[in-house]
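What follows is the residue order along each chain.
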Amino acid sequence: MAHAPRPGQPPRAKRSLGQNFLIDPNAQLRIVEALNATAADEVMEIGPGQGALTRHLAERAGRLVLVELDDELARRLTEEFAGNPAVRVIHRDVLQVPLEEVSADPARLKVIGNIPYNITTPILFGLLERRPRPREIVLMVQKEVADRILADPGNKTYGALAVGVRSVADAERVMNVGRKSFRPVPDVESSVIRIVPHDPPRVTPEDERSLRHLTRAAFGQRRKQFQRILRDAYGLSVDQVAALGGELGMNLQDRPESFSPERFVDLARALRARTAKPPDSAPEEPVE
Ligand code: SAM
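Here the structure is a predicted model, which means the values were calculated and not measured.

**Student:** Just checking my understanding: could you explain the side chain of S210 for this structure?
**Tutor:** Within the secondary structure, S210 sits in helix α8 (residues 205–220). Since its relative accessible area comes to 10%, S210 is described here as buried. The contact partners of S210, leaving out residues within four places of it in the chain, are Y234, A268 and R272.

Structure representation (structure tokens):
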């Protein structure tokens, strides 16, 4: 049976909840500063934990909503901020909390978090595959995931994650954070990334759906030429694919990984106009 921690003693970190607490004060401050929250802003913090970022955020943001799943940590945060009407604690799984519950105006929301790495993809796409998207997102993620989000076309780590994020937002690395900045020390290196969704959005919701299908089909079989994937997944003929390539000025003999997120959007748009049905091989599921 688990023993309750003594009052004042920090609870034991739970691996199952991805609890690696950020203990480096310098890194704590730099992450918060990357969000640039002001008294005019509403901020949501995902996984506030023991409050490493929270205390800095509470000093800056006009409103702060903390979403924490851990019973003991949520209780402590509720207690600590009980006297501050600008801070609200939601004791729930962030994946089950719609942004409409966090803010009356999700388009104005800024989101920050040193998040549990095992749910990075659902968190990210939960924020990006919706309308309206939050105004700005600053997240600590596994360095390898940041590398994939920021990879250039042609790079071997370039794929569905890069296209999915960068077709709807600008993304940049704020900094890398070494393992020793956390307790307990994790097995992986980390990076802080800043994601700013395009405002207004550049892609319609229908074209975004088409893009998701295309991306899954494309990177599910990344060693194939794009023309082959389009024939197999969309049932297009050789002539139709050639016409599509000509129309868009794209050499579809190349592999998917050589095309930028913008070119993926162009192709998804053209495919939607051309094909009534989505490809057979592209179920709706989160990008890994
Ligand atoms: N922000 C703190 C820090 O920087 O030290 C804690 C970061 S720790 C990596 C991740 C936090 O997310 C933990 O507090 C954990 O309890 C919380 N958490 C884990 N799964 C969660 C979920 N599904 N919803 C909300 N919070 C979650």
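Having seen it, we continue.
**Student:** For this particular structure, what's the right way to read the sheet that holds strand β4 (residues 87–90)?
**Tutor:** Within a sheet, adjacent strands bond to each other through the backbone by hydrogen bonds, running parallel or antiparallel. Taking strand neighbours across the sheet as the criterion, the 7 strands line up as β4-β3-β2-β5-β6-β9-β7 in an open arrangement whose pairing is mixed. A strand with exactly one partner marks an edge of an open sheet, and here the two such strands are β4 and β7 (169–177). In this sheet, neighbouring strand axes are inclined to one another by 20 degrees on average, regardless of whether the strands run parallel or antiparallel. Both strand β5 (residues 110–114) and strand β6 (residues 136–142) contribute to a ladder of 5 bridges, which runs parallel. Within the sheet, the bridge partner assigned to I112 lies in β6 and is V138.

**Student:** How should I be thinking about the domain arrangement of the chain in this particular structure?
**Tutor:** Quite often, the size of an interface is put as the accessible area lost when its parts meet. For the chain, the domain assignment lists domain 1 (15–197) and domain 2 (205–273). The C-alpha-based centres of domain 1 and domain 2 are spaced at 32 Å. Here domain 1 and domain 2 share an interface that buries about 1,100 Å² over both sides, 59% of which is from carbon and sulfur atoms. Viewed at the interface, domain 2 and domain 1 are joined by 3 salt bridges. A salt bridge links E208 to R131; its shortest N-O distance comes to 2.5 Å. A total of 4 residues in the side of domain 1 that touches domain 2 trace back to one element, the largest contributor, which is helix α7 (residues 160–166). Taken together, the residues that form the side of domain 1 that touches domain 2 break down as 7 nonpolar, 4 polar and 5 charged.

**Student:** Where do I start with the site of the ligand in this structure?
**Tutor:** Around the ligand sit 23 residues in total, of which Q19, L22, G47, E68 and N114 are the nearest. Protein chains shield 97% of the accessible area of the ligand, which is 590 Å² for the free molecule.

**Student:** Explain the environment of H198 here, please?
**Tutor:** Its location among the elements puts H198 in the loop between β9 (190–197) and α8. Once the C-alpha coordinates of H198 and F182 are considered, the two residues, 16 residues apart in sequence, prove to be 32 Å apart. The contact partners of H198, leaving out residues within four places of it in the chain, are R166, S167, V168, A169 and D170. A polar atom in the side chain of H198 sits 3.3 Å from the side chain of R202.

**Student:** Can you help me understand the packing of helix α9 (residues 226–234) against helix α11 (residues 261–274) in this one?
**Tutor:** For any two helices packed against each other, the geometry is given by the interaxial angle and the distance between the axes. One way to put it is that α9 packs onto α11 with a least axis distance of 14 Å and a crossing angle of 35 degrees. Classified by chirality, the crossing of α11 by α9 is right-handed. Contact residues: F226, L230 and Y234 in α9; F264, L267 and L271 in α11. Looking at the contact of α9 with α11 residue by residue, the classes come out as 6 nonpolar, no polar and no charged.

The rules we used
Residues numbered from 1 in each chain as written. Predicted model: local features only at pLDDT ≥ 70, side-chain atom pairs only at ≥ 80, totals over all residues. Heavy atoms only, no water. Helix = DSSP H or I, 4+ residues; strand = E, 2+ residues; numbered from the N terminus. Buried < 20%, exposed > 50% of the residue type's maximum accessible area, 1.4 Å probe, protein only. Contact = heavy atoms within 4.5 Å. Pairing = 2+ DSSP bridges. Axes fitted to C-alpha atoms, helices over the stretch in contact; angles between N-to-C directions. Domains from an automatic or database assignment. Buried area = accessible area lost by both parts, 1.4 Å probe. Salt bridge = Lys/Arg side-chain N within 4 Å of Asp/Glu carboxyl O. Nonpolar A, V, L, I, M, F, W, Y, C, P; charged D, E, K, R; others polar. Near = heavy atom within 4 Å. Areas by Shrake-Rupley, 256 points an atom, 1.4 Å probe, with all protein chains shown as cover. Polar contact = N/O pair within 3.5 Å; in protein donor to acceptor, adjacent residues only side chain to side chain. Left-handed = near helix turned anticlockwise from the far one by under 90°.

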